[in-house]
Amino acid sequence: MNKTISVVIAGPRGKMGREAVSMVTNTPHFQLVGVIDHKHDGKLLRDMEGMPAMDLPVYGEAERCFLETKPDVLVDLTKPDVGKVHLEKALNHGVRPVIGTTGFSKEDLARVTALAADKECGAIIAPNFAVGAVLMMKFAQMAAKYLPDVEIIEKHHDQKLDAPSGTALKTAQLITEVRSPKKQGHQDEREDLPGARGAEMEGIRIHSVRLPGLVAHQEVLLGGEGQLLSIKHDSMNRTSFMPGVKLCIETVMKLDHLVYGLENIIE
Ligand SMILES: NC(=O)c1ccc[n+]([C@@H]2O[C@H](COP(=O)([O-])OP(=O)(O)OC[C@H]3O[C@@H](n4cnc5c(N)ncnc54)[C@H](O)[C@@H]3O)[C@@H](O)[C@H]2O)c1
Ligand SMILES: O=C(O)C1=N[C@H](C(=O)O)CCC1
């Protein structure tokens, strides 16, 4: 029998937050004990449109929420600047963060890795909770060893704040682990329109598309002489992320350090 895990969700009215509220309240060994929503401080969950009719407190900020509800886990699905603050506050209060919010830089990751180690507190930052996306990233990493010329095309809905996506950055990072930095394309190539060749990480080009109608999609293209390998993943809806969120909530309880990426916890 699993011990009940008490959970707080930040960003419950968002596209991901709503799915997470539904998943957590429908999982027998999880207990939602409160939510963090800057616009509804002092209300109850039931007062917010589309939320379950539950008498759970809504907090406008994280610290009071942690002090009063004493949750095991924070699930953050907000926006980059807010997610970073919530993560650090959670660690400082001994609450294990599961961060789906993207937009973390290398420097952010280094700082919070050190903080989690110092606090000996479990934490997970997962740029993509969909198992298919994790497989796409791992397959791309495997392939890049043999086909090191890589470009990433990520496509998301047009309400997304950060670019490139957390998934694209994570994919590029995984690829840099198996290939040396290299200049791709012609050595004399130039951009006649700035940005035409996309963003760049250690030679890997990343192109970000934002359009209404999209959810979350990525294609990794690997080119070799006379051949092209294309590895692609599509999230059609946000329920695709929920098994990963559930796994992270369960797993973070067993950790005493920060893990960056779902690929490090799936078996
Ligand atoms: N890891 C993944 O698999 C995954 C999947 C989808 C989205 N995301 C990321 O999750 C985040 C949320 O995505 P979304 O599509 O749900 O966005 P969204 O804009 O629909 O929702 C964000 C919510 O955060 C709330 N918010 C803003 N500031 C807040 C604050 N100070 N306190 C509490 N709540 C606050 C907003 O009111 C909004 O309801 C983004 O960073 C996105 O990139 C990650
Ligand atoms: O909808 C978003 O925003 C998503 N963000 C993540 C990313 O930046 O990679 C994952 C997929 C959805």
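Procedures and definitions
Residues numbered from 1 in each chain as written. Chains lettered and ligands numbered in written order. Predicted model: local features only at pLDDT ≥ 70, side-chain atom pairs only at ≥ 80, totals over all residues. Heavy atoms only, no water. Pairing = 2+ DSSP bridges. Helix = DSSP H or I, 4+ residues; strand = E, 2+ residues; numbered from the N terminus. Phe/Tyr/Trp six-rings, centres within 6.5 Å; stacked < 30°, edge-to-face > 60°. Lys NZ or Arg CZ within 6 Å of the ring centre and 35° of its normal. UniProt positions renumbered as here; feature names shortened; annotations may be inferred. 1 Å grid on protein atoms, 1.4 Å probe; cavity = no way out; pocket = protein on both sides within 12 Å on 5 of 7 lines; lining within 4 Å. Buried < 20%, exposed > 50% of the residue type's maximum accessible area, 1.4 Å probe, protein only. Contact = heavy atoms within 4.5 Å. Points joined across faces, edges and corners; volume = space filled by probe spheres on them. Nonpolar A, V, L, I, M, F, W, Y, C, P; charged D, E, K, R; others polar. Near = heavy atom within 4 Å. Polar contact = N/O pair within 3.5 Å; in protein donor to acceptor, adjacent residues only side chain to side chain. Areas by Shrake-Rupley, 256 points an atom, 1.4 Å probe, with all protein chains shown as cover. Sits in = over half its atoms within 2 Å of the grid points.

Novice: So what's going on with the pairing of strand 7 (residues 149-156)? Which residues, and what values?
Specialist: For strand 7 and strand 10 (residues 216-224), the ladder comprises eight bridges, and the chain directions are antiparallel. Looking at the pairing, Lys-155 lines up with His-217 of strand 10. Pairing of strand 7 with strand 9 (residues 204-210) involves six bridges; the strand directions are parallel. Across the sheet, residue Glu-151 finds its bridge partner in strand 9, namely Arg-205.

Novice: Report on the packing of aromatic side chains, specifying residues and quantitative values.
Specialist: Tallying each qualifying case throughout the model produces zero aromatic pairs. Between Lys-170 and the ring centre of Tyr-260, over which it is positioned, the NZ or CZ distance is 3.9 Å.

Novice: Let's hear about the UniProt feature "active site" (unreviewed entry) in the protein chain: which residues, and what values?
Specialist: Taking the numbering used here, the UniProt-annotated feature "active site" (unreviewed entry) corresponds to His-156 and Lys-160. As for the annotated residues named above, the ones lining the second largest cavity are His-156. The residue His-156 is located in strand 7 in this model. Looking at His-156, the relative accessible area reads 8%, which means it is buried. For His-156, the contacting residues outside a window of four places in its chain are Ser-165, Val-209, Arg-210, Leu-211, Leu-214, Val-215, Ala-216 and His-217. Tracing the chain through its elements places Lys-160 in the loop between strand 7 and helix 6 (166-176).

Novice: Tell me what's going on with the sheet that holds strand 1 (residues 5-10), and back it up with residues and numbers.
Specialist: Taken in spatial order, the seven strands of this open sheet run 3-2-1-4-5-6-12, and their pairing is parallel. Of all the strands in the sheet, just strand 3 (58-59) and strand 12 (258-260) have a single pairing partner and so form its edges. Looking at chain direction, strand 2 (residues 30-36) and strand 3 are connected through two bridges and run parallel. Note on strand 3: the bridge partner recorded for Ile-36 is Tyr-59.

Novice: Report on the layout of surface pockets, specifying residues and quantitative values.
Specialist: The calculated volume of the largest pocket comes to roughly 1000 Å³. Lining the largest pocket we find 38 residues, and of these Lys-15, Met-16, Leu-77, Thr-78 and Lys-79 sit closest to its centre. Tallied by class, residues from the lining of the largest pocket come to 13 nonpolar, 17 polar and eight charged. Here the second largest pocket is characterised by a volume of approximately 240 Å³.

Novice: Which residues make up the site of ligand 1, and what are the values?
Specialist: If you check the shell around ligand 1, you find 23 residues, and the closest are Lys-15, Met-16, Thr-102, Ala-126 and Phe-129. Within the backbone of Gly-100, a nitrogen or oxygen atom sits 3.2 Å from a nitrogen atom of ligand 1. For ligand 1, the accessible surface in isolation is 850 Å², of which the surrounding protein chains cover 82%. More than half of the atoms belonging to ligand 1 lie within 2 Å of the grid points that define the largest pocket. Those elements giving two or more residues to the shell around ligand 1 turn out to be helix 1 (15-25) and helix 3 (80-92).

Novice: Which residues make up helix 6, and what values go with them?
Specialist: With eight of its 11 residues buried, helix 6 lies for the most part within the structure. If you check which residues of helix 6 are buried, you get Gly-166, Thr-167, Ala-168, Lys-170, Thr-171, Ala-172, Leu-174 and Ile-175. Where helix 6 is buried, its residues contact helix 5 (131-144), strand 7, strand 8 (199-201), strand 9, strand 10 and strand 12.

Novice: Tell me about the site of ligand 2, and please be specific about residues and values.
Specialist: Taken together, Thr-102, Pro-127, Asn-128, His-156, His-157, Lys-160, Asp-162, Ser-165, Gly-166, Thr-167, Ala-216 and Phe-241 make up the full set of residues near ligand 2. When the free accessible area of ligand 2 is taken as 320 Å², the share hidden by the protein chains comes to 86%. Assessed atom by atom at 2 Å from the grid points, ligand 2 resides in the largest pocket. Here the shell around ligand 2 is built from residues that sort into three nonpolar, seven polar and two charged.

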